[in-house]
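Per-entry structural report
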Amino acid sequence: MKEILTAPFLAEMTHTASNMYRLGWDERNGGNISLLLEERDVSPYLELSRVLRKIPLGFQAASLAGRLFLVTGTGKYFKNVARDPEENLGLFRISQDGACAELLWGYRGGGQFTSELPAHLMSHMARLSVDPANRVVMHSHPTHTLAMNYVHELDERKITHTLWEMCTECIVVFPDGVGVLPWMLCGTNAIGEATAEKMREFRLVIWAMHGIYAAGRTLDETFGLIETVEKAAQIYMLTAHLPRRNTIQDAQLRQLAEAFGVAYRKDFLKL
Ligand code: 2HA
Ligand code: ZN
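A brief look at the structure comes next.

Criteria and cut-off values
Residues numbered from 1 in each chain as written. Chains lettered and ligands numbered in written order. Predicted model: local features only at pLDDT ≥ 70, side-chain atom pairs only at ≥ 80, totals over all residues. Heavy atoms only, no water. 1 Å grid on protein atoms, 1.4 Å probe; cavity = no way out; pocket = protein on both sides within 12 Å on 5 of 7 lines; lining within 4 Å. Points joined across faces, edges and corners; volume = space filled by probe spheres on them. Helix = DSSP H or I, 4+ residues; strand = E, 2+ residues; numbered from the N terminus. Nonpolar A, V, L, I, M, F, W, Y, C, P; charged D, E, K, R; others polar. Buried < 20%, exposed > 50% of the residue type's maximum accessible area, 1.4 Å probe, protein only. Contact = heavy atoms within 4.5 Å. Core = buried A, V, L, I, M, F, W, Y, C linked by side-chain atoms within 4.5 Å.

Considerations on the layout of surface pockets
When its volume is computed, the largest pocket comes out at roughly 220 Å³. Put simply, the parts of the chain that give the lining of the largest pocket at least two residues each are helix H1 (8–22), strand E1 (32–37) and helix H2 (39–42). Of the residues assigned to the lining of the largest pocket, the class counts are seven nonpolar, one polar and six charged. Within this model, the second largest pocket holds a volume of roughly 170 Å³. The wall of the second largest pocket is formed by 15 residues, among which Asn29, Gly31, Asn32, Ser115 and Glu116 lie closest to the centre. Broken down by class, the residue content of the lining of the second largest pocket amounts to one nonpolar, 13 polar and one charged.

Set out below in structure tokens:
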């Protein structure tokens, strides 16, 4: 067996968590990441039949039975993931009955997966049903995105439109727009189900006055989605209180989407 700390997927996970912390998106234990792995990626590093312990999920994930996930731990700080991956991350398989996580590595000292696992696994199920190549779900508390929640209407069309207007490339990066959930109690199956419902339509979902969820095929792509929204939200917050002299017009947004060949939410433009 090769040393798991040398696995590329682990390096990428720790690097991503460190970057999210560095950008101020994940204070204290804020934020969580889940990465769907293939058996062939994990088998050089772990004996897949050796289950350390079984942790009940508290919900049904039957359509993910047998799938492997690397997930940040509950109560753990993104700040510490790179320094001690085995304490702060866990790698588990969903049991055949879809009711348990079979821990194969990590959560050292009796830890367990993030309290937001319902939102993560339900979002994986939703995204896989529209994009079989989806591998990542990421949750974070990016500062300007959150600030914008307090001063902008929390309407999907309006918030997406404002974000698209803030940087030329936004409509190319997230042509499908940003979904919005009203404030809800976090860590519950209910917010998980609501997030997953939005994830059928959007790869980005704002949790009002809390943060954002993103889904994508790679850690880089998913990180980039949040990074682009956060950049646009920062520009909005830098300019919202000033007289607006210029803006990107809807016809120009359409021109961009057409030039880059992206399927965009036409109903989010006024043309
Ligand atoms: O796990 O961000 O939403 C910490 C959180 C909860
Ligand atoms: Zn959160």
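Details of the side chain of threonine 228
Position of threonine 228 relative to the elements: it lies in helix H10 (residues 219–239). You can call threonine 228 buried: its relative accessible area is 19%. Residues within four places of threonine 228 in sequence aside, it is in contact with Cys170, Val173 and Phe174.

Considering the environment of asparagine 246
For asparagine 246, the position within the fold is in the loop between H10 and helix H11 (250–259). Taking the C-alpha atoms as reference points, asparagine 246 and phenylalanine 260, separated by 14 residues in sequence, lie 23 Å from one another.

Side note on the nonpolar core
Residues Phe9, Leu70, Leu91 and Phe92 are the most contacted members of the largest nonpolar core, which totals 86 residues. Residues within four places of phenylalanine 9 in sequence aside, it is in contact with Ile4, Leu35, Leu37, Asp41, Val42, Tyr45, Leu70 and Leu91.

The analysis is restricted to geometry; functional conclusions fall outside its scope.
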